[in-house]
Amino acid sequence: MTNVNINLTITQIEEQVQKTHTRQLDISFNELADMYQNNELNIKPDFQRLFRWSEEKQSRFIESLILEMPVPPIFVIEVEDGCYELIDGLQRISSYLNFRGMLKKITKDESENESEDEKPLKLVGCDIAPLLNGFTYDDLPTAYQIRLKRNFIRMQVIRKESDKLLRYHMFKRLNTGGEMLEPQEIRNCNIRLLGDEFADFLKQIAENPCFKNTINNISETRSKSAYPQELALRFFANKNYREHYIKDIDSFLNSYMEAVTLDSKYEQHVDFDYNEESRIFDKVFRILDKALGSKAFGPKNKNSSYIAENFRIYHYEAIPIALLTILEKVDPDNTDHIELIRNKLQEIKSDQKFIEITTGGGKNTKNLLNGRIEFVKNKFLEIEGFNES
């Protein structure tokens, strides 16, 4: 590398450094609790929902504070009104608030007005000072209550002047979590540093009744998580962004969600017409729901023409996107049209080639994804009256 190139690289890196403004504060846990109660420290519902530490892990953190053991710093971002949003340290701060009986419950409708406090934590599993087990905060000797309140933690503040995209990437790298979370749960949390609109849209559209019925056979655990939102995201990503897919589905979905959410001033930004995309999504899944309902993405039974009530992701990736080819020629309220789609779907699922390209592992490459979509697309174009001629 020449000296000119080295100097240019250093200049570009320093430009990025200058876009990040930070400061450090040493703050007591009592101050953090006051900030939380006064809405000066915000843990957004999508973020707080990721509080997953067991009572034992929470208890051992409280034990560490009482024993005055060192704890890692937390990270916050400064927002326009001077308040802070927590971006790293959720498990620790929530554990402290839970022990103090201050942690607000996230209600089903996420309404702050209907929130109520969780039942305070009772210490369990403390192994350095097992005599602490069984204590709540109110049960502790006054000296330990004061010690907890006065214990300090380092707070790293990312100033509001910092570039939005750099703040987002910093959060992604910090928020490793250490807990088993659905990728979409983390995605929903991360993306809100860039904007809320697309994340809120996915949450809303995943409640579409026809869509919910066609994916009804995903596991109960996944149906209660953010997985339906991930499936909605997959539909839009495969529809609008498939040329960027390589092999890693999580990176692909992350990139698309970022691209839609970013302001137009960023090079990565892609346009998203919310009204039109919503209309298309609704029509696709109304047709599929009327045609096969909860069997829309199920495989054909090996020993009969019966379609199993299972959910197959390769079916889901191919069928809705391929349906776009004839979407505007299909009337969801026309029973003859629905019957044609139903018969063709049954034929597709019975086709040995389709079975081969949608069965087994190792089929998540770009070429194979495009091949599945193209196969179903060509089958739909065989329907008389729906072809492109």
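Residues numbered from 1 in each chain as written. Predicted model: local features only at pLDDT ≥ 70, side-chain atom pairs only at ≥ 80, totals over all residues. Heavy atoms only, no water.

Enquirer: So what about the environment of Asn-98? Which residues, and what values?
Expert: Residue placement: Asn-98 occurs in helix α5 (residues 90–100). Under the relative-accessibility criterion, Asn-98 is labelled buried at 9%. (Helix = DSSP H or I, 4+ residues; strand = E, 2+ residues; numbered from the N terminus. Buried < 20%, exposed > 50% of the residue type's maximum accessible area, 1.4 Å probe, protein only.)

Enquirer: How would you sum up helix α4 (residues 55–66)? Please name residues and give values.
Expert: Helix length check: α4, at 12 residues, gives a terminal C-alpha distance of 16 Å against a target of 16 Å (1.5 Å per residue), a fit within 8%. The inward-facing, buried residues of α4 abut α2 (29–37), α5 and α6 (142–150). Just downstream of α4, Glu-68 is the residue with a positive phi angle, here 60°. (Expected span 1.5 Å × (residues − 1). Contact = heavy atoms within 4.5 Å.)

Enquirer: Outline the packing of aromatic side chains, supporting the account with residue identities and numerical values.
Expert: In this structure the tally under the stated criterion is 29 aromatic pairs. Taking the centre distance of 6.1 Å and the plane angle of 25° together, the rings of Tyr-241 and Phe-252 count as stacked. With Tyr-241 in the loop between α12 (227–240) and α13 (249–261) and Phe-252 in helix α13, the pair connects residues that are 11 residues apart, well separated along the chain. For the pair Tyr-241 and Phe-252, a shared accessibility class is recorded, and that class is buried. One cation-aromatic arrangement involves Arg-222 over Tyr-227; the distance from NZ or CZ to the ring centre is 4.0 Å. (Phe/Tyr/Trp six-rings, centres within 6.5 Å; stacked < 30°, edge-to-face > 60°. Lys NZ or Arg CZ within 6 Å of the ring centre and 35° of its normal.)

Enquirer: So, the nonpolar core: which residues are in play, and what are the values?
Expert: Phe-198, Phe-285, Ile-341 and Phe-380 are the most contacted members of the largest nonpolar core, which totals 67 residues. Top element by residues in this core is helix α14 (residues 274–292). It accounts for 9 residues. Beyond its immediate sequence surroundings of up to four residues, Phe-380 is in contact with Ile-319, Ala-322, Leu-323, Ile-326, Ile-341, Lys-344, Leu-345, Ile-348 and Phe-386. In terms of nonpolar packing, the next biggest core, distinct from the first, is built from 35 residues, Tyr-36, Leu-103, Cys-126 and Tyr-137 among them. (Core = buried A, V, L, I, M, F, W, Y, C linked by side-chain atoms within 4.5 Å.)

Enquirer: Explain the pairing of strand β3 (residues 74–78) residue by residue, including any values.
Expert: Of all 5 residues in β3, 5 are buried, a share of seventy percent or more. Bridge count for β3 against strand β5 (residues 152–158) is 4 bridges, and the pairing is parallel. When the sheet's bridge partners are listed, Ile-77 is paired in β5 with Ile-158. In this structure, β3 lies alongside strand β4 (residues 84–88), joined through 4 bridges in antiparallel fashion. Across the sheet, the residue bridging to Phe-75 is Asp-88, located in β4. Where β3 folds back on β4, the antiparallel hairpin that results is connected by 5 residues, among which Gly-82 adopts a positive phi of roughly 85°. (Pairing = 2+ DSSP bridges.)

Enquirer: Which residues make up the packing of α2 against α5, and what are the values?
Expert: Contact geometry of α2 with α5 gives a least axis separation of 11 Å together with a crossing angle of 85°. Overall, the two elements α2 and α5 adopt an arrangement that is roughly perpendicular. Packed against α2, whose contacting residues are Phe-29, Asn-30, Leu-32, Ala-33 and Tyr-36, the element α5 presents Ile-93, Tyr-96, Leu-97 and Arg-100 at the interface. In the contact of α2 with α5, the residues fall into 7 nonpolar, 1 polar and 1 charged. (Axes fitted to C-alpha atoms, helices over the stretch in contact; angles between N-to-C directions. Parallel < 35°, antiparallel > 145°, perpendicular 65-115°, else oblique. Nonpolar A, V, L, I, M, F, W, Y, C, P; charged D, E, K, R; others polar.)

Enquirer: Hey, could you go over helix α8 (residues 183–191) for me, with residue numbers and the actual values?
Expert: Counted residue by residue, α8 has 7 buried out of 9 residues, so it is predominantly covered. Restricting attention to buried positions, one finds in α8 the residues Gln-184, Glu-185, Arg-187, Asn-188, Cys-189, Asn-190 and Ile-191.

Enquirer: Give a detailed account of unusual backbone geometry, specifying residues and quantitative values.
Expert: One non-glycine residue, Asn-39, adopts positive backbone phi at about 60°. Residue placement: Asn-39 occurs in the loop between α2 and β2 (41–42). Classification of Asn-39 by relative accessible area gives partly exposed; the value is 48%. Located in the positive-phi region is Glu-68, a residue other than glycine, with phi close to 60°.

Enquirer: So what's going on with the packing of α8 against α12? Residues and values would help.
Expert: Orientation of α8 relative to α12, taken along the N-to-C sense of each, is 75°, at an axis distance of 8 Å. Classified by the angle between their axes, α8 and α12 sit roughly perpendicular to one another. In this structure, α8 uses Pro-183, Gln-184, Arg-187 and Asn-188 to contact α12, whose residues at the interface are Gln-229, Glu-230 and Leu-233. Here the contact of α8 with α12 is composed, by residue class, of 2 nonpolar, 3 polar and 2 charged.

Enquirer: A description of the side chain of Gln-229 should follow, citing residues and the corresponding values.
Expert: Locating Gln-229 in the fold gives a position in helix α12. We classify Gln-229 as buried; its relative accessible area is 12%.

Enquirer: I'd like to hear about the confidence of the model for the protein chain, residue by residue, with values.
Expert: Interpretation of the predicted coordinates at a detailed level should be avoided for regions scoring low in pLDDT. When pLDDT is averaged along the protein chain, the result is 84; 82% of the residues meet or exceed 70. Counted against residues more than four places away or in other chains, residues 107–117, with its pLDDT under 50, gives 17 contacts. Across residues 176–180, where pLDDT falls below 50, the model places 5 contacts with residues more than four positions away in sequence or in other chains. (pLDDT = per-residue confidence, 0-100.)

Enquirer: Let's hear about the pattern of salt bridges: which residues, and what values?
Expert: This structure, assessed with the given rule, holds 23 salt bridges. The residue Glu-317 makes a salt bridge to Arg-234 at a minimum N-O spacing of 3.1 Å. Placement of Glu-317 in helix α15 (residues 313–323) and of Arg-234 in helix α12 is noted, with a sequence separation of 83 residues between them. With a relative accessible area of 7%, Glu-317 lands in the buried category. The residue Glu-328 makes a salt bridge to Arg-279 at a minimum N-O spacing of 3.1 Å. Taken as a pair, Glu-328 in the loop between α15 and α16 (335–350) and Arg-279 in helix α14 lie far apart in primary sequence, 49 residues in all. Where salt bridges share partners, they join Arg-187, Glu-230, Arg-234, Asp-250, Glu-317 and Arg-372 into one cluster. (Salt bridge = Lys/Arg side-chain N within 4 Å of Asp/Glu carboxyl O.)

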